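The primary structure of each chain is shown beneath.
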Amino acid sequence: MRIAQVAPLTESVPPKTYGGIERVVNYLTEELVHQGHEVTLFASGDSLTTADLVAVVDRSLRLSEQEHDAPVWHMRQLMEVIRMANKFDIIHFHTDYSHFPVCRLMNTPHVTTLHGRLDMPSLQIMFDEFKDMPVVSISDAQRRPLLNAGYVATVYNGTPKDRYLFNPHPGDYLAFLGRYCVEKGPVAAIQIANRVGMPLKMAAKVDRVDRDYFTTEVQPHLDDRQIKHIGEVDDKEKVQLLSGARALLFPIDWPEPFGLVMIEAMACGTPVIAFRRGSVEEVIKDGVTGYIVDSVDEAVAALKQIDRIDRLACRKHFEKHFSTQRMTEQYLQVYSQLMQKTDRRPSPSIVHG
């Protein structure tokens, strides 16, 4: 099968540090190549892949030393995809919905994975117009605010089985991994750790829009002993952090579409204490791979029972439901279904001229 994967340009594929979407695109792309498919990856020039790489910008936009107008570069990438569209059996977009108008003029089968939150009112207007665009959700919970989209499947994110090594003997600390923002709940994580008297290692990035929040709400609690700020970590450092933790704290305060870090923790055998929001009840098996709670008080109580969780059961749950192989198999089923439905007629010259 000739497959195009279209990634955001914000981070490289795979990302150097933080970057959930780009990480999933990397896992999917490499597994498709491994299975013998002809894959073209549209991504930033500093991406590393065994697929054919098409790059319209040399370096991922967030880490570039130059100022970039992101919408301009994503539009430039889209036009490159369209020029090459007839070379592919299917095109898989991971770039929200900016390509929808052009896709109506394109006869190559395509699908879009919606990686973000869908509870913004403007999206209702968008999908009222583009109900015909085939999209994949990454959890059933993600769909709830936006029921009028053209969903063709729910495909859970996956990660390679051999990337996160199982550790049956963790250290005596808790982990927080993600971004320092209200939605991810870093302050709640700090409160939980302080109340149970366990050290908390926080591996998180500070986006420009969250700097004030970090400075006023998070930084005063950091003491490099009980609450330790590590910052952004690479893959090797993340594995060390998660595999050595007694538990991962995931006290989110938003409708999380998936939460890749939950399955990364489970792959290491590390249970998750997560607030009941978004996809959590689909990813965590309460009492088996961690505990689903509704408050800081409940999280504190759950941590007192954390040693009841069998770390091997966490790993097995990950292997059964959230491996890269399982994710890729489900996407291939989606591709086949959409290819069977599409009438491949010559595309209008306005698209490929």
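Use the structure listed above.
All figures in this text were calculated on a predicted structure; none of them were measured in a lab. (Residues numbered from 1 in each chain as written. Predicted model: local features only at pLDDT ≥ 70, side-chain atom pairs only at ≥ 80, totals over all residues. Heavy atoms only, no water.)

Some points on unusual backbone geometry
Put simply, valine 13 and proline 14 share a cis peptide bond, and its omega is 0°. Secondary-structure assignment places proline 14 in the loop between β1 (2–6) and α1 (20–34). Positive phi outside glycine occurs at aspartate 96, with the angle close to 60°. Looking at where aspartate 96 falls in the secondary structure, it is placed in the loop between β4 (90–93) and α3 (100–103). For aspartate 224, which is not a glycine, the phi torsion comes out positive at approximately 65°. (Helix = DSSP H or I, 4+ residues; strand = E, 2+ residues; numbered from the N terminus.)

Here we look at the sheet that holds β1
Strand order across the open sheet formed by seven strands is β3-β2-β1-β4-β5-β6-β7, with parallel pairing between neighbours. Either end of the sheet is taken by a strand with one partner, and the two such strands are β3 (52–54) and β7 (150–154). Strand-to-strand, the axes of this sheet are offset by a mean angle of 25°, without reference to chain direction. Here β1 pairs with β4 via four bridges, running parallel. Looking at β4, one finds that glutamine 5 is bridged to histidine 92. (Pairing = 2+ DSSP bridges. Axes fitted to C-alpha atoms, helices over the stretch in contact; angles between N-to-C directions.)

Details of the nonpolar core
For soluble globular proteins, the rule of thumb is that nonpolar side chains tend to be buried together. Grouped together as the largest cluster of nonpolar side chains are 86 residues, with contacts concentrated most on Leu200, Met266, Val272, Ile273 and Tyr335. Top element by residues in this core is helix α9 (residues 260–267). It accounts for seven residues. When neighbours within four sequence positions are excluded, leucine 200 is seen to be in contact with Leu174, Ala175, Phe176, Ala189, Ile190, Ala193, Gln226, Ile227, Lys228 and Leu249. Residues Ile82, Phe100, Met133 and Leu146 belong to the second largest nonpolar core, which totals 25 residues. (Core = buried A, V, L, I, M, F, W, Y, C linked by side-chain atoms within 4.5 Å. Buried < 20%, exposed > 50% of the residue type's maximum accessible area, 1.4 Å probe, protein only. Contact = heavy atoms within 4.5 Å.)

A few points about the packing of aromatic side chains
Under the counting rule described, the total for this entry stands at nine aromatic pairs. On the basis of an interplanar angle of 55° and a centroid distance of 5.7 Å, the ring pair of phenylalanine 100 and phenylalanine 130 is categorised as tilted. With phenylalanine 100 in helix α3 and phenylalanine 130 in the loop between α4 (121–129) and β6 (134–137), the pair connects residues that are 30 residues apart, well separated along the chain. Ring plane angle 40° and centroid distance 6.2 Å describe the contact between tyrosine 156 and phenylalanine 258, whose orientation is recorded as tilted. Residue tyrosine 156 is located in the loop between β7 and β8 (174–179), and its partner phenylalanine 258 is located in the loop between β11 (247–250) and α9; the two are separated by 102 residues in the primary sequence. Taking the relative accessible area as the measure of exposure, tyrosine 156 reaches 23% and is therefore partly exposed. Assessed through its relative accessible area of 1%, phenylalanine 258 is described here as buried. The rings of Phe100, Phe127 and Phe130 are connected pair by pair, giving a single aromatic cluster. The ring of tyrosine 173 carries the charged tip of lysine 201 above its face, separated from the ring centre by 4.0 Å. (Phe/Tyr/Trp six-rings, centres within 6.5 Å; stacked < 30°, edge-to-face > 60°. Lys NZ or Arg CZ within 6 Å of the ring centre and 35° of its normal.)

Limitation: the analysis is restricted to geometry and does not speak to function.
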